[in-house]
Amino acid sequence: PALTLGGAGAAQEGAALEETLTAEECYSRAAALDPSCGLVHKRLAEVQGQARGPRAAAVVWAIAARLLPDDICAATHHFYGAPVPRRLCPEPISPPVQGGTPDMQPADVEPGAGGGGSAVAGGRAGSAGPRGLLMLADVSVDPRGLGWEERAVATLEVWGVVVLPRLLCESACSALDASVAAADAAETTADLTGDTRDPNCRVHKALPLRGAGGRDVEAPGVAAADGSVDWAPGVGVSSGGTHWAQDFPLGVTAAHPVSQALASLFPVLSRVLRCAPGQAFPLLGAGWMRVSPGATDQPLHKDVPGHDRHGGVPPILPACDDAPRAVSIQIQLTDTSRRDAGTDPSPSTDDPRTVATGEGYSGLPSGSLVVVPGSHRPDAAAGHPRAILRAIQEGEAGGQLTIAVPRGSVTLYSSRVFHRGSANRSARTRTFCFLTVCEPDSAAPAGLIHTMERRDVGAWLVGPRGLQRRSAEPT
């Protein structure tokens, strides 16, 4: 954006000097006028980072972090710095998707690509809905099935999203409920509601991770004054309906549901984030959101602008090999696949339209995450700009996919996939936790709302056994 200034400093009577400034020039002048204003330096760094990359903004982020010592965004960008991005060939889109129109491929994927399971009972994997639209079953993988990790990686690469139904057992969900309640009650919890799109009837706060790395544990299951919860034994990730917390490797906080979920996701995330075998990667964010009745539809947006690494799409876009990936992880604590009592009967799960387009879900009370599959890379299935434009203009009829899932389900999606939160038209709240991870040795992505307790910024890595603290505490 540009700003035109005029009227001041006229060269002669009746004449006005006009000067058109870019946003970067505006903030640069403001910073020169008031070098002690941290907010100006933060805005300047944001503009520089999005326009010219993290290396251009590194110095200003350092100044902003010094002037705003409690600011989570400035601290995050300053901590991760501006390393030279790794140049890696884009992952191939595999398995191939065949048929369909040139700009919207149907969900005719090979068995196992997206059909390892269904987030809604009765969903039929690998079957296309009306007009060849993608079904929720096509991006769902059963985390209890053999080889589910490979299917999840392939699904995420093709569509930019993968759903793992009921990954967390009920006791893990209950533990997260307690953590959210404690964090909400604590006055010191970082509150980022004001940065949220359509913040009315939404609460957006950090999820404290105290005790998640096996340290600072005082009394299991007891909320600390800062809103964090130290976890009791016996909660974990579901595995065929049983809890396997007691079988977790020694030395990890097996009872912490976030750590356990990340441990189970590590084989998928490490592949997607292009890690070396066993290499840990950063946890960039940990938060939760509560969407109350009356919340409206958010606009479609990307948390991080641009595309993941991708092949060329002549003549529109050249290939890209230097865009480090960030992945968002949503842990659903509300069953968004059902209606409230007293509303219209639940739609039939035998009707593929229910899953494919949300038809019959027009009154889905509490709303859901909605994504545009394939919008993370232009060479992906349904990723062509014409397909994205149609999804934006036509909603679910044009390709937007409603992620209506049971409690305990986990959805992974690229931070560069178009998505939104839908309206809550029910009488109950919708609550979910979310985590953000990124490639090792990469800068913090520009444009992302970095949600984290200030003391947790830079403190956590995700390894094969879940959350682990860095060997050196960040400052």
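This one's a predicted model, so the numbers in the text were calculated from it and none came from an experiment.

Thresholds applied
- Residues numbered from 1 in each chain as written.
- Predicted model: local features only at pLDDT ≥ 70, side-chain atom pairs only at ≥ 80, totals over all residues.
- Heavy atoms only, no water.
- Axes fitted to C-alpha atoms, helices over the stretch in contact; angles between N-to-C directions.
- Helix = DSSP H or I, 4+ residues; strand = E, 2+ residues; numbered from the N terminus.
- Parallel < 35°, antiparallel > 145°, perpendicular 65-115°, else oblique.
- Left-handed = near helix turned anticlockwise from the far one by under 90°.
- Contact = heavy atoms within 4.5 Å.
- Buried < 20%, exposed > 50% of the residue type's maximum accessible area, 1.4 Å probe, protein only.
- Arc of directions from axis to C-beta.
- Salt bridge = Lys/Arg side-chain N within 4 Å of Asp/Glu carboxyl O.
- Pairing = 2+ DSSP bridges.
- Nonpolar A, V, L, I, M, F, W, Y, C, P; charged D, E, K, R; others polar.

Peer 1: Just to check I follow, could you spell out the packing of helix 5 (residues 148–159) against helix 7 (residues 257–272) for this structure?
Peer 2: How two helices pack is summed up by the angle between their axes together with the distance between the axes. Where helix 5 contacts helix 7, the two axes come as close as 9 Å, and the packing angle between them is 40 degrees. For the element pair helix 5 / helix 7, the angle class is oblique. As for how helix 5 packs across helix 7, the hand of that crossing is right-handed. Between helix 5 and helix 7, the contacting residues are W148, E149, E150, A152, V153 and L156 on the first element and S264, L265, P267, V268, R271 and V272 on the second.

Peer 1: In this structure, what is going on with helix 1 (residues 23–33)? I would like to understand it.
Peer 2: Residues spaced three or four apart along an α-helix face the same direction, because each turn holds 3.6 residues. For helix 1, the set of buried residues is A23, E24 and A31. Take helix 1 and look down its axis: the buried residues cluster within an arc of 95 degrees, on one side only. The exposed set on the far side of helix 1, more than 90 degrees from its buried face, consists of A32 and L33. Contacts made by the buried residues of helix 1 are with strand 2 (18–22) and helix 2 (38–52).

Peer 1: Even after reading the chapter, I still don't get the pattern of salt bridges, so can you show me in this structure?
Peer 2: If charged atoms from side chains of opposite charge come close, those side chains can pair. Applying the stated criterion to the full structure yields 23 salt bridges. The shortest N-O distance in the salt bridge between R407 and E170 comes to 3.0 Å. With R407 in the loop between strand 10 (401–403) and strand 11 (410–414) and E170 in helix 6 (residues 170–185), this pair connects stretches of sequence that are 237 residues apart. With a relative accessible area of 46%, E170 lands in the partly exposed category. Residue R309 is joined to E439 by a salt bridge in which the shortest nitrogen-to-oxygen separation is 2.7 Å. Note that R309 is positioned in the loop between strand 7 (281–291) and strand 8 (326–332) and E439 in the loop between strand 13 (430–438) and strand 14 (460–463), a separation of 130 residues in sequence. Overall, the relative accessible area of 6% leaves R309 in the buried class. Salt bridges sharing common partners tie together E157, D308, R325, R377, D379 and R416.

Peer 1: So what exactly am I meant to see when it comes to the sheet that holds strand 9 (residues 369–371) here?
Peer 2: Think of a sheet as strands paired side by side through backbone hydrogen bonds, with each pair either parallel or antiparallel. The strand order across the open sheet built from three strands is 10-9-12, with neighbouring strands paired in antiparallel fashion. Two strands bound the open sheet, and with one partner strand each, they are strand 10 and strand 12 (419–421). Shown here is a sheet whose adjacent strand axes are inclined to one another by a mean of 25 degrees, direction ignored.

Peer 1: Can you help me understand the packing of helix 3 (residues 54–67) against helix 4 (residues 72–80) in this one?
Peer 2: Helix 4 packs onto helix 3 with a crossing angle of 135 degrees between their chain directions and a minimal axis gap of 8 Å. By the angle between their directions, the pair helix 3 and helix 4 is classed as oblique. The element helix 3 and its partner helix 4 pack so that their crossing is left-handed. Residues W61, A62, A64 and A65 of helix 3 form the contact with helix 4, whose own contacting residues are C73, A74, H77 and H78. Grouping the constituent residues of the contact of helix 3 with helix 4 by class yields six nonpolar, two polar and no charged.

Peer 1: Can you help me understand unusual backbone geometry in this one?
Peer 2: Residue P314 is joined to P315 through a cis peptide bond whose omega torsion reads -5 degrees. Mapped onto the elements of the fold, P315 is located in the loop between strand 7 and strand 8. In the Ramachandran plot, R166 falls in the positive-phi region, its phi being about 50 degrees despite a non-glycine side chain. In this structure R166 comes out as partly exposed when scored by relative accessible area, which is 47%. The phi dihedral of D441 falls on the positive side, at around 55 degrees, and the residue is not glycine. Structurally, the position occupied by D441 is in the loop between strand 13 and strand 14.

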